[in-house]
Amino acid sequence: MRRTVFNEDHEAFRETLRAFIEAEVVPVYDEWFAAGQAPREFYYKLGELGIFGINVPEEFGGAGLDSHKFEAVLYEETARAGVQFGGSGVHVLLALPYIKMLATDEQKKRYLPKFVSGEEMWAIAMTEPGTGSDLAGMKSTAKLSEDGTHYVLNGAKTFITGGVHADKVIVCARTAAPTAEDRRHGISLFAVDTKSEGYSIGRKLDKLGLRTSDTAELAFVDVKVPVEDLLGEENKGFSYLGHNLASERWGIAFGAYAQAKAAVRFAKQYVQERTVFGKPVAHFQNTKFELAACQAEVDAAEAVADRATEALDAGELTPAEAASAKLFCTEVAHRVIDRCLQLHGGYGYMNEYPIARLYADNRVNRIYGGTSEIMKTIIAKDMGL
């Protein structure tokens, strides 16, 4: 079936991006994988390529576009090559929407030019040890100083993607105690400079997958945050956090579909080249049936992902639709990638093959951004159940 989601501009971007990946990422990706992160200087290259500025207004150095379709192309091309762009996804997909939504004009003038160039990489710190998805249970605090010039931030965060290389982190902290009626009351968002005294990076976490994406624990001990770096209004942070969940879940859904599509590509290539009992593995009926079934699932996931992309760009993607897309695409990717790894036999378990890395990278899709079980709860509630 012919896709209609992309136009000539998107395809031109795809060609540029594919050439960039082949020249700048593929030759050194094994080194990044072994190191457990992409090098900091790589993000300057992404800035030069224009990756960070696509959805940033022109007045701040961006392209001024209002579309997620270029991000979609990026998901497809990185998956196709079996690589990741380190922790840069959080910079664009998660941090940027909060800056655009909450920052004042003065803040945007300070933040966005360096955001676009890659001079300042951003991350977002929500999750705390012991609280997991229960953001209303966070303990980190930010108390306004007596002279009213700054907040004093104390606490700890964990599972912070991009946390090692980040120059700025959007930190969620309590500026007021929760009330008996509303546990979510009292949370505020701050743009915290990682060079601040009292800010420290703990362990760089050793993950099963997404090995080139730096993920860390963060700690704050009497960190002074200027009042000029409060994002949005005080105590309204929890409502802000929910505002961007649809786009975040779209990103996970589309990324998962792209991984499933790539898995079929890797498996098809492998079975055509691998010979068993005197003939290519692709000649066996079981191989044909398995790949045909996988392709059918990928086709369905592509349709769901494309529909969600169009709805997101139109500003019409509802929380329940985003949850449905995420649930479907991530579950499809789980099944397809597992079957494609099986077709590789023992080699599929070796990290030198992209299918093995893809298998590990994909697993977190059914956890972060809301687990599959949470997605089902959201969908059921929308159904009136």
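Thresholds, definitions, all that
Residues numbered from 1 in each chain as written. Predicted model: local features only at pLDDT ≥ 70, side-chain atom pairs only at ≥ 80, totals over all residues. Heavy atoms only, no water. Helix = DSSP H or I, 4+ residues; strand = E, 2+ residues; numbered from the N terminus. Buried < 20%, exposed > 50% of the residue type's maximum accessible area, 1.4 Å probe, protein only. Contact = heavy atoms within 4.5 Å. Areas by Shrake-Rupley, 256 points an atom, 1.4 Å probe, with all protein chains shown as cover. Polar contact = N/O pair within 3.5 Å; in protein donor to acceptor, adjacent residues only side chain to side chain. Salt bridge = Lys/Arg side-chain N within 4 Å of Asp/Glu carboxyl O. Expected span 1.5 Å × (residues − 1). 1 Å grid on protein atoms, 1.4 Å probe; cavity = no way out; pocket = protein on both sides within 12 Å on 5 of 7 lines; lining within 4 Å. Points joined across faces, edges and corners; volume = space filled by probe spheres on them. Nonpolar A, V, L, I, M, F, W, Y, C, P; charged D, E, K, R; others polar. Patch = residues over 30% accessible without salt bridge, like charges linked within 9 Å, V, L, I, M, F, W, Y side chains within 5 Å. Axes fitted to C-alpha atoms, helices over the stretch in contact; angles between N-to-C directions. Parallel < 35°, antiparallel > 145°, perpendicular 65-115°, else oblique. Left-handed = near helix turned anticlockwise from the far one by under 90°. Pairing = 2+ DSSP bridges. Phe/Tyr/Trp six-rings, centres within 6.5 Å; stacked < 30°, edge-to-face > 60°. Disulfide = S-S within 2.5 Å.

Turning our attention to the overall build of the protein chain. Tallying secondary structure elements over the protein chain gives twelve helices and ten strands in all. Judged by the C-alpha coordinates and their principal axes, the protein chain covers about 80 × 50 × 40 Å. Counting the 385 residues in the protein chain, one finds 52% classified as buried. If you take every contact in the protein chain between residues at least 6 apart in sequence, the share linking residues at least 24 apart comes to 75%. Accessible surface, the protein chain as shown: approximately 18,100 Å² in total, 53% of it carbon and sulfur.

It is worth spelling out the side chain of serine 140 at this point. Structurally, serine 140 is set in the loop between strand E1 (122-125) and strand E2 (141-144). A polar atom in the side chain of serine 140 sits 2.8 Å from the side chain of glutamate 128.

With that settled, the discussion passes to the pattern of salt bridges. Tallied over the entire structure, the rule returns 25 salt bridges. Across the salt bridge formed by glutamate 77 and arginine 18, the nearest N and O atoms sit 2.7 Å from each other. With a gap of 59 residues between them, glutamate 77 in helix H4 (residues 69-81) and arginine 18 in helix H1 (residues 8-25) connect regions that are remote in the sequence. Residue class for glutamate 77 comes out buried when judged on its relative accessible area of 3%. By relative accessible area, which is 31% here, arginine 18 ends up partly exposed. Note that arginine 184 and aspartate 182 form a salt bridge whose closest N and O atoms lie 3.5 Å from each other.

This brings us to helix H10 (residues 319-343). Given a rise of 1.5 Å per residue, 25 residues ought to cover 36 Å, and the 36 Å separating the end C-alpha atoms of H10 matches this to within 8%. Where H10 terminates, the next one or two residues include glycine 345, which has phi positive at roughly 65°.

Here the focus is the layout of surface pockets. As a volume, the second largest pocket reaches approximately 510 Å³. Of all the secondary structure elements, the ones that give two or more residues to the lining of the second largest pocket are helix H5 (88-102), helix H8 (245-273) and helix H9 (285-313). A per-element tally of the lining of the second largest pocket places H5 first, with six residues. Residue composition of the lining of the second largest pocket, by class: nine nonpolar, seven polar and five charged.

Turning to empty space enclosed by the protein, a few remarks are in order. Counted under the stated rule, the structure contains two cavities of 30 Å³ or more. Volume-wise, the largest cavity comes out at about 80 Å³. In this structure, the largest cavity is lined by 14 residues; those nearest its centre are Tyr29, Gly82, Val83, Arg357 and Asp361. Of all the elements in the fold, those that place two or more residues in the lining of the largest cavity are helix H2 (29-35), H4 and helix H11 (354-363). Counting residues per element, the lining of the largest cavity draws most heavily on H11, which supplies four residues. For the lining of the largest cavity, a count of residues per class yields seven nonpolar, four polar and three charged.

Further remarks concern a nonpolar patch on the surface. Taken together, the side chains of Tyr347, Tyr349 and Met350 make up a nonpolar region of the molecular surface, amounting to roughly 360 Å² of accessible area. Judged by relative accessible area, methionine 350 falls into the partly exposed class, the value being 36%.

Where H8 meets H9, the closest approach of the two axes is 9 Å, and the angle between their N-to-C directions is 155°. Taken together, the axis directions place H8 and H9 in an arrangement best described as roughly antiparallel. By crossing handedness, the relation of H8 to H9 is classed as left-handed. Contact residues: H8 offers Ser247, Trp250, Phe254, Tyr257, Ala260, Lys261, Val264, Ala267, Lys268 and Val271, while H9 offers Thr287, Leu291, Cys294, Gln295, Val298, Ala301, Glu302, Ala305, Asp306, Ala308, Thr309 and Leu312.

Neither face of E1 is exposed, since Trp122 and Ile124 on one face and Ala123 and Ala125 on the opposite face are all buried. Pairing geometry for E1 and strand E4 (residues 168-174), over four bridges, is parallel. Within E4, the position partnered with isoleucine 124 by the bridge is isoleucine 170.

Okay, the packing of aromatic side chains next. A complete count under the given rule lists 16 aromatic pairs for this structure. Linked through ring pairs, Phe20, Tyr29, Trp32, Phe42, Tyr43 and Phe85 together constitute an aromatic cluster.

Structurally, the α-helix is built with 3.6 residues per turn, so residues lying three or four positions apart point the same way. Over its 29 residues, H9 extends 42 Å from the first C-alpha to the last, a length consistent with the 42 Å expected when each residue adds 1.5 Å. One or two steps after H9, the chain reaches glycine 315, where phi turns positive at roughly 75°.

This paragraph deals with the state of the cysteines. Applying the stated rule across the entire model yields zero disulfides. Left unpaired, cysteine 294 is separated from the closest cysteine sulfur, that of cysteine 340, by 4.2 Å.

What follows covers the environment of serine 145. Here serine 145 is to be found in the loop between E2 and strand E3 (150-161). Between the C-alpha atoms of serine 145 and serine 88, which are 57 residues apart in sequence, the distance is 34 Å.

Moving on, we get to unusual backbone geometry. Residue aspartate 222 is not a glycine yet carries a positive backbone phi of 50°. Position of aspartate 222 among the secondary structure elements: in strand E7 (residues 215-226). Looking at aspartate 222, the relative accessible area reads 47%, which means it is partly exposed. Although it is not a glycine, asparagine 235 adopts a positive phi angle of roughly 75°. Along the chain, asparagine 235 turns up in the loop between strand E8 (230-231) and helix H7 (237-243). Overall, asparagine 235 belongs to the partly exposed group, its relative accessible area being 21%.

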